[in-house]
Amino acid sequence: MLEIKNITKDYVTSSETVHALRDVSVSFRESELVAILGHSGCGKTTLLNIIGGLDQYTSGDLIINGKTTKQFRSRDWDTYRNHSVGFIFQSYNLIPHQTVLANVELALTLSGISKRERRERAALALQKVGLGDQLNKRPNQMSGGQMQRVAIARALVNDPDILLADEPTGALDSETSVQIMDLVKEIAKDRLVIMVTHNPELAEQYATRTIRLVDGKIKSDSDPYDPSVSEPVKEKPAESSKRKTKKTKMSFLTALALSRNNLLTKKGRTFLTAFAGSIGIIGIALILSLSNGVQLYIDSVERSTLAAYPVSIQQETIDYTSLMSSMMGIREETDEDRDPDRVYTNNISTEMMKTMLSEITTNNLAEFKEYIESNPDNILDSVMEIKYSYSPNLYIYGTDINDKIIRVNPSTVMQSMLGEGMASNVAQMSGTYSTLFGGGSGGSMYDAWDELLNSDVSESQYEVLFGRLPESYNEVVVIVNEHNELSDITLYTLGLRDQEELSGLMSSVMAGESFDLDTGDLSFSYEELTSLRFRLLVPSDFYRKNADGGYDDMSKDEEFMRKAYENAPEIKVVGVVRPNGDSLINSSNSGSIGYTHALTEFMIDRANNSELVKLQKENPEIDVFTGIEFPEKDEKPEEPMSQEEAMQAIMGMLSEEQTSQFIRTLAATLTPEQQAQIMQLPVEQQLGALFSMADQTEITKAFMSILTAEQLQQLMELTREPETTEATYDGNLELLGVADLLKPSSISIYAKDFDGKEKITKFITDYNNNKISEDKQEDVINYTDYVGMMISSVSDIIDSISYILIAFVAISLVVSSIMIGIITYISVLERTKEIGILRAMGASKTDVSNVFNAETLIIGFTAGAIGIIVTLLLNIPINIIIEYLTDISNMSQLPWQGGVILVFISMLLTLIAGLFPAGVAAKKDPVEALRTE
């Protein structure tokens, strides 16, 4: 039941107040067709709008089913319009870009009805008004009568209690008007229909009750209704009452659908708007693509650089800071006054040598290895790999092209080229350099065997040309350079060329003589390279037991070495690889053999368990090579007697007869005068005088002539050098290749990236600080950070340039967003009537705002998508040009995450730009909006 009590409606302008309704009171039955008549401006449409909740009264009350509306808020009026009121407008007020079915569905959408149910109900409502076969037509494809039927179906689809018709036949011809009015009359049988008209004949023919308004007041009522004396109002079903009080809400998908359909009616303008908005996205996306491509390239170089330059910790190292200071001539300031007119010395060279000799320190790598492997502070998350090296050489043997057994690692090329003597001097200098500055375990610069990093890193660093990467200790790969080449030195080293060709090369060159060396190119198939076989020997394999119980070095004996070679474990080549295009590992352009850390461990294990090593460990006091006892620590070897001392010792053992014979024999060598002098002396002094006068040689002859065989043996024992050895127990174990896997000679830590490298250096610094705090300075780690010594800020420069360019391009993005906001405001003006229609069907201000927010989001998404697509297309020629100029491929790459973020930014900016026009739309008066054409 609907009741109006003392309703007054005033319109206040700056100059006057217009009284549209003056103290109007009227009640309506639940089902009747009421016609409100009156001249233009009498207030009939205002009364209809107040009843429909589109306009608010100034004073009085509108009572709906016994409930006052004085306390109604905006959402309450929205719910009332959606559930209780249906509107039929003179100008139909259909949304032109929606289909007939969608127009009718809209009210149900606001009611929260499921998609399936609202389709069924909308189709049924259209069928009832005779348009069951016109569901998918647009309003502009229909006649006026058909459009009015659609409006009636839309008004009825939500089963409202009240149907309000404002001049429903005003725009129709007579025949169509009759059809529409017959339909309205039929509807009025089960609900209240209030019709505004200026046609008395129409009211008289169809209305069951006629109310006349004059100047905002009711002049007459043909069938007034007093609810206080009439029959009680029928109670509505509980389910119906609950539905009609449910708050209305348009789903955002519906808002998107409305906006999408509207934009599709203006495809050209929509595309141009979106394209204009995409210009800023294109600029930022291109900058991001180039920045990302450069960063990816830097990352690949970084990774390769880190592979080539790890954080290196040697067992013995020097203080590089002190050394560099000495080399650069940095000295502490002195208070010494110097004459500016004199020249003084700067002891750079001597200070550098003193530093090199005095600053050598020993690192406790065993303790550090155990500590870092315990993963404190999750440091291993920043580590790509930790490579442990050990002092024993890896002895690899193979056969050359003449089937001669040769040592391929450590390389013997230097000996062949320079000769044994010069090669030994160079190797000694190289070993000293390695000790001071870090490096291998004494191998020469021609060594061709390199330990690979772990399989994951190797897979990223190398391209497998044939076969596969090694997986076990007895598998290796041939590594060629970027041009698929192996250097001639590598070929000599591996036995693929005869090292005899190099003999005498250096001496001939130094003598200025010509030397004919065949340098013709050779080529090998992958199959030929993978057919190469090598053997692993350990130092104990070079020795054979001799007859004295010691051991002789047989490494120069070809027959012995061939047998040792044949009994040694075999190593096979399983693949050919090449550093990939992004790798800096290029085997120094020489090529090499790559093996796994498993081979190092196998070699150490085999050496540690050899019979000769076991024998030395079982006899730690004896040098197993000579059978002689090792000297005690700090023990000085016993000095043998001189021959004179020995003879004097033997003299005490001579008989009287031997003594007399010695004197006679020795005296015979003297002159007569000397003999006379001797004879004048007492007997006990004669022997001493003889020793002083006689020649030492004659003394020795005379002495030796009187000695017995036993006395001669005693003399030899007294003068014999004692048997000693300069070898040591530890030195022998080192010579035999003994090593402890827990005690590496060097540790190389490969970081995942530069940030990881910084964490590793900080980790070592913290470790050292802890050792200092524990008063264990001897355990402080001195290390070499090769990457840290190469200062690089390329990434920071690239990032800075990118940020600056993005900031400039972002200005165009903001400008385009403002433009989209202006176009959205124009769209609000164009769709003002649609706003009124939505409000009339119960859409809230928020719903209206969401419709235009959805429109800006669609434009923003379209702009972002266009920007990303155009960027991807532009990246193709950009990459072609960059590759042509720099030989670097795929330099411009847009990351998918960046593309998604840019689309999101585009949508966000357009949404922000559209907030103002969307707010304007939400605040529009629905009555004024419906009047807009």
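In this text, all values refer to a predicted model and were calculated from it rather than measured experimentally.

A.B. asks: How should the overall build of the protein be read in this particular structure?
C.D. replies: The helix and strand tally for the protein stands at 36 helices and 28 strands. In the protein, which comprises 933 residues, the proportion classed as buried is 46%. The long-range fraction of contacts in the protein, counting pairs at least 24 apart against all pairs at least 6 apart in sequence, stands at 80%. As displayed, the protein offers around 49,100 Å² of accessible surface, 53% of which is attributable to carbon and sulfur atoms.

A.B. asks: I would appreciate a short explanation of the pairing of strand S4 (residues 59-64) in the present structure.
C.D. replies: A regular strand carries its side chains on alternate faces of the sheet. Where strand S1 (residues 2-12) and S4 come together, five bridges link them in antiparallel fashion. The partner of Thr8 across the bridge, within S4, is Ser59. Inspection of the sheet shows S4 paired to strand S5 (residues 67-68) by two bridges, in the antiparallel sense. The partner of Ile63 across the bridge, within S5, is Thr68. Counting the residues that bridge the hairpin from S4 to S5 gives two residues, and of these Asn65 lies at a positive phi of roughly 50°.

A.B. asks: Just to check I follow, could you spell out the sheet that holds strand S2 (residues 17-28) for this structure?
C.D. replies: Adjacent strands of a sheet form backbone hydrogen bonds with each other and so pair up, either parallel or antiparallel. Strand order across the open sheet formed by four strands is S2-S1-S4-S5, with antiparallel pairing between neighbours. Looking along the sheet, the strands with just one partner apiece sit at the ends: S2 and S5. Here helix H1 (residues 44-51) sits on the sheet and contacts S1, S2 and S4; the angle it forms with S1, its principal contact strand, is near 120°.

A.B. asks: For this particular structure, what's the right way to read unusual backbone geometry?
C.D. replies: Only a minority of non-glycine residues have a phi that is not negative, and only a minority of peptide bonds are not trans. Note the cis peptide between Asn409 and Pro410, where omega equals -10°. Within the fold, Pro410 resides in the loop between strand S16 (405-409) and helix H14 (413-418). Non-glycine residue Asp23 carries a positive phi angle of around 50°. Along the chain, the position of Asp23 falls in strand S2. Although it is not a glycine, Asp887 adopts a positive phi angle of roughly 65°. Relative to the helices and strands, Asp887 is located in the loop between helix H34 (845-886) and helix H35 (896-922). You can call Asp887 exposed: its relative accessible area is 67%.

A.B. asks: Got a minute to help me understand the packing of aromatic side chains in this structure?
C.D. replies: For any pair of aromatic rings, the description rests on two quantities: the centre-to-centre distance and the angle between the ring planes. Inspection of the entire model under this criterion finds 16 aromatic pairs. Here Phe271 and Phe275 contribute two aromatic rings whose centre-to-centre distance is 6.2 Å and whose plane-to-plane angle is 20°, an arrangement assigned as stacked. Residue Phe271 and its partner Phe275 are both found in helix H10 (residues 267-308); the two are separated by four residues, about one turn of the helix. Since its relative accessible area comes to 36%, Phe275 is described here as partly exposed. Ring geometry for Tyr473 versus Phe602: centroids 4.0 Å apart, planes at 20°, classification stacked. In this pair, Tyr473 is assigned in the loop between strand S18 (462-467) and strand S19 (475-479) and Phe602 in helix H21 (residues 597-608), connecting sequence segments 129 residues apart. Taken together, Phe368, Tyr371, Phe763 and Tyr767 form an aromatic cluster joined through their ring pairs. Sitting over the face of the ring of Tyr565, Arg535 holds its NZ or CZ atom 5.5 Å from the ring centroid. One residue, Arg831, lies across the ring of Phe852, its end atom 4.9 Å from the ring centre.

A.B. asks: Help me understand helix H13 (residues 365-373) in this model?
C.D. replies: Residue pairs spaced three or four apart in an α-helix point in one direction, given the helix's 3.6 residues per turn. Along H13, the residues classified as buried are Leu365, Phe368, Lys369 and Ile372. The arc that holds the buried residues of H13, viewed along the axis, is 105°, so those residues lie on one side. Looking at the buried positions of H13, the neighbouring elements they touch are strand S11 (311-314), strand S14 (383-389), strand S27 (746-751) and helix H30 (754-773). A positive backbone phi angle near 60° is found at Asn375, which sits one or two residues after H13.

A.B. asks: What is the right way to look at the pairing of strand S6 (residues 85-88) in this model?
C.D. replies: Side chains of S6 alternate between two faces, with Val85 and Phe87 and Gly86 and Ile88 buried alike. Sheet analysis places S6 next to strand S7 (residues 162-166), joined by four bridges and oriented parallel. Each bridged residue has a counterpart across the sheet, and for Phe87 the counterpart in S7 is Leu164.

A.B. asks: What is the right way to look at the side chain of Thr412 in this model?
C.D. replies: With respect to the element layout, Thr412 can be found in the loop between S16 and H14. Reaching out from Thr412, the side chain makes a polar contact with the backbone oxygen of Arg407 at a distance of 3.5 Å. Reaching out from Thr412, the side chain makes a polar contact with the side chain of Gln499 at a distance of 2.9 Å. Excluding residues within four positions of it along the chain, Thr412 makes contact with Arg407 and Gln499.

Definitions and cut-offs
Residues numbered from 1 in each chain as written. Predicted model: local features only at pLDDT ≥ 70, side-chain atom pairs only at ≥ 80, totals over all residues. Heavy atoms only, no water. Helix = DSSP H or I, 4+ residues; strand = E, 2+ residues; numbered from the N terminus. Buried < 20%, exposed > 50% of the residue type's maximum accessible area, 1.4 Å probe, protein only. Contact = heavy atoms within 4.5 Å. Areas by Shrake-Rupley, 256 points an atom, 1.4 Å probe, with all protein chains shown as cover. Pairing = 2+ DSSP bridges. Axes fitted to C-alpha atoms, helices over the stretch in contact; angles between N-to-C directions. Phe/Tyr/Trp six-rings, centres within 6.5 Å; stacked < 30°, edge-to-face > 60°. Lys NZ or Arg CZ within 6 Å of the ring centre and 35° of its normal. Arc of directions from axis to C-beta. Polar contact = N/O pair within 3.5 Å; in protein donor to acceptor, adjacent residues only side chain to side chain.

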